[in-house]
Amino acid sequence: MGLRGPKAWPERAEQFIELLRITVAILILIHGIYRLAAGLVVPFGIWLDSLGFPYGYGWAMAVTLYELVGPALMLTRRWTSLAALGHAFILTLGMILVHLPAGWFVVGGGRNGMEYSVILIVALLGIAWAWWPARRSA
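About the cut-offs
- Residues numbered from 1 in each chain as written.
- Predicted model: local features only at pLDDT ≥ 70, side-chain atom pairs only at ≥ 80, totals over all residues.
- Heavy atoms only, no water.
- Helix = DSSP H or I, 4+ residues; strand = E, 2+ residues; numbered from the N terminus.
- Buried < 20%, exposed > 50% of the residue type's maximum accessible area, 1.4 Å probe, protein only.
- Contact = heavy atoms within 4.5 Å.
- Phe/Tyr/Trp six-rings, centres within 6.5 Å; stacked < 30°, edge-to-face > 60°.
- Axes fitted to C-alpha atoms, helices over the stretch in contact; angles between N-to-C directions.
- Left-handed = near helix turned anticlockwise from the far one by under 90°.

### Topic: the overall build of the chain
Scanning the chain for helices and strands turns up five helices and zero strands. Viewed in the frame of its principal axes, the chain has a C-alpha envelope of about 55 × 40 × 30 Å. Here the chain holds 138 residues, and 28% of them are scored as buried. Sequence-distant contacts in the chain: of pairs separated by 6 or more residues, those separated by 24 or more amount to 55%.

### Topic: the packing of aromatic side chains
Each aromatic ring pair is characterised by the separation of its centres together with the angle its planes make. Overall, the coordinates contain one aromatic pair when judged by the stated rule. Taken together, a centroid distance of 6.3 Å and an interplanar angle of 20° make the contact between phenylalanine 44 and tryptophan 47 stacked. Here phenylalanine 44 pairs with tryptophan 47, and both are found in helix H2 (residues 41-50), just three residues apart, close to one helical turn.

### As for the environment of leucine 75
Tracing the chain through its elements places leucine 75 in helix H3 (residues 56-75). Expressed as a C-alpha distance, the spacing of leucine 75 and leucine 27, which sit 48 residues apart in the sequence, is 11 Å. Look past the residues within four positions of leucine 75 in its chain and what remains in contact with it is Arg21, Ile22, Ala25 and Ile26.

### Things to note about the packing of H3 against helix H4 (residues 80-99)
Contact geometry of H3 with H4 gives a least axis separation of 9 Å together with a crossing angle of 145°. The crossing of H3 and H4 is left-handed. Contacts between H3 and H4 involve Val63, Tyr66, Glu67, Gly70, Pro71, Leu73 and Met74 from the first element and Thr80, Leu82, Ala83, Ala84, Gly86, His87 and Ile90 from the second.

Pasting the structure below:
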């Protein structure tokens, strides 16, 4: 056994990955709903324009709509892997553009850092991997 303890119970591991899928989808959905309801799509687009992105408003609206549709797909277990991978990509880009310059810590040792983004990206990649279709043996 060495330094490794026992594996998780398969039924509990399956329950956990379901809980993780639902929780992450709801967090992302809330993010998109808030941006839309608070009228923050236009400022997001202006910020993207300021970074040199062409059609900043279009990208901002596309990300916002993805934050509404993607979680709905994840919650209904439809195209879960693709939805999760898309969100991982969006969060990775956001982490590079926004959070990386602020350092590691979200609070405490810093402010607005990337640690929360990292855990969300890892969770999304785990969700994508768990729902990725298995290869069929010949």
